[in-house]
Amino acid sequence: MDTSTHLGLSLDGSTLTPRHRWRMFKDRLARRAVGIGGVSVIIAILLIFFYLLYVVFPLFIPASVERVADYPVPGGSEQTRTLHLDMEEQAGLAVRYTDDGRVVFFDTADGAVRDTVRLVDGRVRSIATGALGGGLVALGLEDGRVLLAKHRFKVSFPDDVRTLTPAVEFPYGSEPLVVDDEGEPLEHLAVRDGEDRLLLVAATSDRILLAGFDKETSFLSDEVTLERTAATLGPNTLDLGYIRVGPLQDQLYLAGHDGSLLHYNITDIEAPRLVERISLVEQGDRLTSLELLLGGTSLLVGGSDGSVSQWFPVRDAQNESRLQRVRTFRGQEAPVTAIASEARRRGFLAADSTGRVGIYHSTAERTLLVEPMSGSRIGSLAISPRSDHLLVESDDGRLQFWAVHNEHPEVSWSALWGQVQYEGYAEPNYTWQSSAASNDFEPKFSLTPLAFGTLKAAFYAMLLAVPLAIMGAVYTAYFMAPTMRRMVKPTIEVMEALPTVILGFLAGLWLAPLVESHLPGIFALLLIVPAGILLCSYFWHSLPGSVRRLVPEGWEAALLAPVVVALVWAAFALSAPLEHALFGGNMRAWLSQELGISFDQRNSLVVGLAMGFAVIPTIFSIAEDAIFSVPKHLTFGSLALGATPWQTLTRVVILTASPGIFSAMMIGMGRAVGETMIVLMATGNTPVMDFSIFEGMRTLSANIAVEMPESEVDSTHYRVLFLAAFVLFMFTFAVNTVAEMVRHRLRRKYSSL
């Protein structure tokens with residue numbers, strides 16, 4: 001046959017044959033298809049990266065404000081001053097309470113007065129507001145009585161247009177309630193309205209008065225009858241400036257302008273008890289403003305030095321709640337004249353005597369913005385329920401309406417990764433708790449326990465999977481008979497196709513109770529199985545050669561399988577006797593009482609067993625291929641030079657295959673880090689930071705799976721979950737990058753073998 005024709009060339013050698021051209025076309029098509037596929041994978045990963053970044057980026061946009069309108073105080077005059085400002089949900093209408101007993105409703109855009117309601121004919125000496133966003137206002141009068149009013153903004157949609165109708169209601173009647181029987185003016189006032197009791201605390205020039213009104217609702221109507229219980233706390237010995245009452249009507253705070261504070265327990269109104277007397281400001285400073293944060297637990301203390309400090313009760317060794325200063329914000333330098341708390345977040349605003357307003361967030365411990373908003377002292381401040389608009393009234397008789405852009409103040413480095421002291425906590429802690437039944441709940445967005453749980457779950461899974469998978473791959477690729485290898489390898493690889501939700505289901509409902517009831521047997525496995533295998537191996541090698549040759553070379557593992565099954569059965573059979581002999585019949589109780597270790601049924605041990613089982617096929621398959629692919633001439637050459645099979649394995653085969661083995665471990669770790677369903681179903685899913693093998697955890701991936709369906713789109717919770725996904729993505733990317741660098745280094749180092 002002509003050589004040129006055989007190679008696919010024409011007789012003159014100038015052109016290719018059609019068959020060869022078709023083959024070349026298919027080669028080019030396959031090469032380009034593979035290239036396009038690789039580029040598409042890279043593009044898909046980049047798109048995921050940029051989408052996560054797109055969702056997460058708004059968390060880090062700084063706060064900003066924009067002035068919308070500036071006009072004279074609506075319904076104001078030189079003889080009246082503002083006692084309280086408030087806005088409706090969308091900040092279209094606002095309400096102003098004045099000291100001459102009027103309620104003025106006006107448009108925030110231009111200050112046009114919508115309606116004016118006169119509540120009382122005389123002067124109002126003091127004012128107090130109920131829970132944030134409730135609209136309840138108490139007016140302290142000159143005759144010792146208190147009028148309770150509630151402003152509302154009724155919403156209707158005539159002709160599909162949102163229309164607001166302002167109104168004032170009197171939830172306890174239009175007649176004021178008597179607080180001081182002697183009829184003295186009420187200089188200071190506080191109000192708390194609960195389901196069963198209305199509480200009023202007032203101060204005259206010389207006395208502190210308590211008045212509780214127990215509610216009785218008629219069965220035949222919605223009419224509420226109040227039964228009064230009055231008490232005198234004592235003489236007013238302070239230069240009293242502020243009265244505040246806790247949300248449960250059990251804590252009373254009386255603060256003087258010099259910063260001294262009296263903290264009372266008033267669970268029993270008729271027998272109030274002084275808890276402590278402390279100073280809220282540094283020596284030489286004055287207390288210039290005092291407000292309650294959302295929920296009514298924390299006190300926001302504004303001082304003459306421009307600082308705002310947060311105080312809340314912490315239980316001491318005697319189980320008594322005592323105030324503790326938790327954090328201080330120093331964004332302003334002039335005396336703080338007004339503080340306004342946000343109605344739905346742990347944020348607040350503080351105005352000072354120079355006309356500057358600061359925006360802060362307590363939990364994140366952030367000073368978000370300090371902006372000059374007026375040329376004179378600011379006396380009144382109000383923020384809308386959505387925290388997106390702001391009203392500022394200055395002493396020059398002007399009212400300014402500002403738009404606030406501050407979507408995600410809860411996020412800061414310390415809130416995400418640092419220890420934070422939350423309300424009611426005795427000390428700073430890492431906590432993830434994104435929601436609760438109460439609207440006053442303080443969200444806790446610490447990613448640290450989730451990252452810890454992710455690494456903990458991966459560690460215990462790899463602790464089980466790596467030795468078993470690598471050793472199994474070594475034996476299968478190097479020692480096992482080819483026929484047996486063709487059965488074992490596909491069987492293990494098929495295990496990888498088992499859905500992880502099935503593994504999680506079995507781990508949670510079958511494996512976890514099994515581990516709990518046979519806990520000593522689980523630990524006995526660690527001793528009995530290795531010792532039994534070594535003993536059987538010694539016995540096998542002690543047999544005569546004629547007996548050992550009855551089993552073909554490479555099939556010894558088939559004899560070991562029933563031995564392993566028997567050893568496992570023996571370990572579980574010894575579980576009950578070991579538990580009675582060593583642990584008094586209850587290993588869980590022994591761990592708790594003797595070692596102080598708590599035991600959770602769905603714990604890290606269960607996760608390690610279940611997730612390790614899921615990761616083993618991945619590591620085994622890649623590592624086995626790497627070991628089996630070591631060129632045979634290296635093995636034969638080593639053996640020919642006198643090395644034993646074990647020396648050849650450890651000094652030639654393993655080193656040559658080390659890049660592939662390392663890649664197998666890294667891919668297995670990536671699988672373990674990203675695993676969701678097993679961790680979700682086989683643990684208590686609690687975000688605790690405890691390395692104990694008997695405690696559960698919550699991982700980043702499981703947390704995303706659990707909470708993403710419940711999160712409000714574009715909320716801080718929603719974006720923080722995407723941030724958790726971004727952290728997981730970057731962690732996997734970093735680990736894979738380092739793994740690839742190490743793999744290339746190993747390949748360069750041992751490629752010359």
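Being a predicted model, the structure only gives us computed values, none of them experimental.

Relative orientation of the contacting elements helix α6 (residues 500–517) and helix α12 (residues 604–628) amounts to 135°, with a least axis distance of 10 Å. In terms of orientation, α6 lies oblique with respect to α12. The chirality of how α6 crosses α12 is right-handed. In contact with Leu503, Ala507, Leu511, Ala512 and Val515 of α6, α12 contributes Leu605, Val606, Leu609, Ala610, Phe613 and Ala614. In the contact of α6 with α12, the residues fall into 11 nonpolar, no polar and no charged.

Turning next to the side chain of Ser380. Take Ser380: it is sitting in strand β27 (residues 378–383). In this structure, Ser380 is in contact with Thr82, Leu85, Leu391, Val392 and Glu393, ignoring residues within four places of it in sequence.

With that settled, the discussion passes to the pattern of salt bridges. If you walk through the whole model with that rule in mind, you get 35 salt bridges. With a shortest N-O distance of 3.3 Å, Arg162 and Glu88 are connected by a salt bridge. With a gap of 74 residues between them, Arg162 in the loop between β8 (145–156) and β9 (163–169) and Glu88 in the loop between β2 (82–87) and β3 (93–98) connect regions that are remote in the sequence. Classification of Glu88 as buried rests on a relative accessible area of 3%. Between Asp143 and Arg145 there is a salt bridge, with its nearest N and O atoms 2.8 Å apart.

Locating Ala382 in the fold gives a position in strand β27. Spatially, the C-alpha atom of Ala382 lies 71 Å from that of Leu574, the residues being 192 residues apart in sequence. Look past the residues within four positions of Ala382 in its chain and what remains in contact with it is Leu85, Asp86, Met87, His389, Leu390 and Leu391.

Attention now moves to the packing of helix α7 (residues 519–542) against helix α9 (residues 556–573). Where α7 meets α9, the closest approach of the two axes is 9 Å, and the angle between their N-to-C directions is 145°. Two packed elements cross with a definite hand, and for α7 against α9 that hand is right-handed. Within the contact between the two elements, α7 uses Gly521, Ile522, Ala524, Leu525, Ile528, Val529, Gly532, Ile533, Cys536 and Trp540 and α9 uses Glu556, Leu559, Leu560, Val563, Val564, Leu567, Val568, Ala571 and Phe572. Considered class by class, the residues forming the contact of α7 with α9 number 16 nonpolar, 2 polar and 1 charged.

Another point: a positive patch on the surface. Among the surface-exposed residues, Arg745, Arg747, Arg748 and Lys749 lie close enough to one another that they form a single positively charged patch. Within the secondary structure, Arg745 is located in helix α17 (residues 716–750). A residue is classified by how much of its surface remains accessible, and Arg745, at 61% relative accessible area, is exposed.

Moving on: unusual backbone geometry. The backbone phi angle of Ala91 is positive, close to 60°, even though this residue is not glycine. With respect to the helices, strands and loops of the structure, Ala91 is situated in the loop between β2 and β3. Using a relative accessible area of 4% as the deciding quantity, one classes Ala91 as buried.

Take the pairing of strand β20 (residues 299–303) next. Summarising burial for β20: 5 of the 5 residues are buried, a large majority. Taking every second residue as pointing to the same face, both faces of β20 are buried, with Leu299, Val301 and Gly303 on one and Leu300 and Gly302 on the other. Relative to β20, strand β19 (residues 287–292) is paired through 5 bridges, and the arrangement is antiparallel. In the strand pairing of β20, Leu292 is matched with Leu299. The hairpin formed by β19 and β20 contains 6 residues between the paired strands, and Gly295 there has a positive phi angle of roughly 100°. As paired strands, β20 and strand β21 (residues 308–315) are joined by 4 bridges and run antiparallel to one another. The residue bridging Val301 from the neighbouring strand is Ser309, located in β21. The turn joining β20 and β21, which pair antiparallel and follow one another in sequence, is formed by 4 residues; a positive phi near 90° is taken by Gly306.

Let us look at the sheet that holds strand β5 (residues 113–118). In spatial order, the strands read β2-β3-β4-β5; together these 4 strands make up an open sheet with antiparallel pairing. Both outer strands of the open sheet, β2 and β5, are each paired with one neighbouring strand and no more. Across the sheet, the mean angle separating the axes of adjacent strands is 15° when strand polarity is ignored.

Looking now at the environment of Ser307. Structurally, Ser307 is set in the loop between β20 and β21. A residue is classified by how much of its surface remains accessible, and Ser307, at 10% relative accessible area, is buried. Between the C-alpha atom of Ser307 and that of Asp352, which follows or precedes it by 45 residues, the distance is 9.9 Å. Ser307 has contacts with Val301, Gly302, Thr328, Phe329, Arg330, Gln332 and Val336, leaving out every residue within four places of it along the chain. A polar atom in the side chain of Ser307 sits 2.8 Å from the side chain of Asp305.

Our focus in this paragraph is the pairing of β3. β3 sits mainly inside the fold: 6 of its 6 residues count as buried. Of the two faces of β3, the one lined by Leu93, Val95 and Tyr97 and the one lined by Ala94, Arg96 and Thr98 are each fully buried. The hairpin formed by β3 and strand β4 (residues 102–107) contains 3 residues between the paired strands, and Gly101 there has a positive phi angle of roughly 85°.

Moving on, we get to the side chain of Thr448. Along the chain, Thr448 falls in helix α4 (residues 448–479). Of note is the side chain of Thr448, whose polar atom sits 3.0 Å from the backbone oxygen of Trp417. Apart from residues no more than four positions distant in its own chain, Thr448 is found in contact with Leu416, Trp417, Tyr430 and Met689.

What counts, and at which threshold
Residues numbered from 1 in each chain as written. Predicted model: local features only at pLDDT ≥ 70, side-chain atom pairs only at ≥ 80, totals over all residues. Heavy atoms only, no water. Axes fitted to C-alpha atoms, helices over the stretch in contact; angles between N-to-C directions. Helix = DSSP H or I, 4+ residues; strand = E, 2+ residues; numbered from the N terminus. Parallel < 35°, antiparallel > 145°, perpendicular 65-115°, else oblique. Left-handed = near helix turned anticlockwise from the far one by under 90°. Contact = heavy atoms within 4.5 Å. Nonpolar A, V, L, I, M, F, W, Y, C, P; charged D, E, K, R; others polar. Salt bridge = Lys/Arg side-chain N within 4 Å of Asp/Glu carboxyl O. Buried < 20%, exposed > 50% of the residue type's maximum accessible area, 1.4 Å probe, protein only. Patch = residues over 30% accessible without salt bridge, like charges linked within 9 Å, V, L, I, M, F, W, Y side chains within 5 Å. Areas by Shrake-Rupley, 256 points an atom, 1.4 Å probe, with all protein chains shown as cover. Lys, Arg positive; Asp, Glu negative; His and termini not counted. Charge placed at Lys NZ, Arg CZ, Asp CG, Glu CD. Pairing = 2+ DSSP bridges. Polar contact = N/O pair within 3.5 Å; in protein donor to acceptor, adjacent residues only side chain to side chain.

By themselves, these figures tell us nothing about what the structure is for.
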